[in-house]
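# Coordinates in review
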Amino acid sequence: MDILKIERVNDNTVKFFITYTDIERRGFARDEIWYNRERGEQLFWQMMDEANEKESISFEGPLWIQVQAFEKGLEVTVTIAKTSVDGEQVDEEELDSLLRSAMSDAEEKETELSQDVLFETTDFEHIIALSQYAEAPIFEELTTSLYQKDGLYLLHLHFKEETEVEEQENVMSLIAEYLNFSEQKIHPVAEYGKLIVANDVFTFIRKQFPN
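Source: prediction; values computed, not measured. (Residues numbered from 1 in each chain as written. Predicted model: local features only at pLDDT ≥ 70, side-chain atom pairs only at ≥ 80, totals over all residues. Heavy atoms only, no water.)

When you go through the protein residue by residue, the secondary structure sums to eight helices and nine strands. By the burial criterion, 43% of the 211 residues in the protein qualify as buried. In the protein, 68% of the contacts between residues at least 6 apart in sequence involve partners at least 24 apart. For the protein, the accessible area works out to roughly 12,200 Å², and carbon and sulfur atoms hold 45% of it. (Helix = DSSP H or I, 4+ residues; strand = E, 2+ residues; numbered from the N terminus. Buried < 20%, exposed > 50% of the residue type's maximum accessible area, 1.4 Å probe, protein only. Contact = heavy atoms within 4.5 Å. Areas by Shrake-Rupley, 256 points an atom, 1.4 Å probe, with all protein chains shown as cover.)

Right, dumping it as structure tokens:
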């Protein structure tokens, strides 16, 4: 089961990593983190409370918050500071504004990062099963290729630049029901892995393994 990972960088700075799967297990929809300020803040303070409970880290006073989005989850860096960037104390309203700004910046980074996504499985049957459901119009917004490397089958998705974030989320949500998100990157996989299907993976698989 995925859990919140907490890393104490120094006396004033703590890093968290939480997967999208863990976010959903906590009762939050992934889209809420970006578009619903109240829900995003609820998740943030849940992480703060958990860090305080597990690591006895007290988050008193002004906080500087940086959020980075990755293919599998979020990395949140929190620095406990005595003053703000301008040298003045930060009140609760300003803290909420900082948090919203950090999440907004991460949303923009996520859009860039998610143009190339890898999923993986050790069982080829999962790819066959997925291909039977991958005929919806939303799959027209991406190109696909399939690799084999180190005992894994790796499905590469490349989204068009103009693809909306919501459409990307819909595609990845369906695929995630059959395959796991991969932390590997496409360049080493393409260089050192074995190319099985160069493009249009789902159509090729359906032809090879019809119902």
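Counting 23 residues, the largest nonpolar core has F16, I23, L74 and V76 as the members making the most contacts within it. Within the residue set of this core, elements represented by two or more residues are β2 (13-19), α1 (20-25), α2 (30-35), α3 (37-55), β3 (63-69) and β4 (73-80). With 22 residues, the next largest nonpolar core counts F139, L146, L179 and V197 among its residues. (Core = buried A, V, L, I, M, F, W, Y, C linked by side-chain atoms within 4.5 Å.)

Time to look at the packing of aromatic side chains. Taken as a whole and judged by the stated rule, the model has four aromatic pairs. Each ring, one from F119 and one from F181, has its centre 4.6 Å from the other, and the planes form 35°; the classification is tilted. A residue pair is termed long-range when its members are at least 10 positions apart, and F119 in strand β5 (residues 116-121) and F181 in strand β8 (residues 180-181) qualify at 62 residues. Across this residue pair, the class does not change: F119 and F181 are buried. (Phe/Tyr/Trp six-rings, centres within 6.5 Å; stacked < 30°, edge-to-face > 60°.)

A few words now on the sheet that holds β2. Spatially, the four strands line up as an open sheet ordered β1-β2-β4-β3, and their pairing is antiparallel. Looking at the sheet topology across the chains shown, the edges are occupied by β1 (5-8) and β3. Going across the sheet, the axis of each strand differs from the next one's by a mean of 15°, ignoring polarity. Pairing between β1 and β2: four bridges, direction antiparallel. Among the inter-strand pairings, R8 is bridged to a residue of β2, identified as V14. (Pairing = 2+ DSSP bridges. Axes fitted to C-alpha atoms, helices over the stretch in contact; angles between N-to-C directions.)

For the rest of this paragraph, the subject is the pairing of β2. Counted residue by residue, β2 has five buried out of seven residues, so it is predominantly covered. Count of turn residues in the β1/β2 antiparallel hairpin: four residues. Taken together, the seven bridges between β2 and β4 define a ladder with antiparallel strand orientation. Paired with K15 across the two strands is T77, which belongs to β4.

Considered for burial, the residues of helix α8 (residues 201-208) that qualify are V201, F202, I205 and R206. With its buried residues spanning 125° around the axis, α8 presents them on a single face. Residues of α8 that are buried make contact with α5 (124-131), β6 (142-149), β7 (152-159), α6 (165-175) and β9 (194-197). (Arc of directions from axis to C-beta.)

By themselves these figures say nothing about function.
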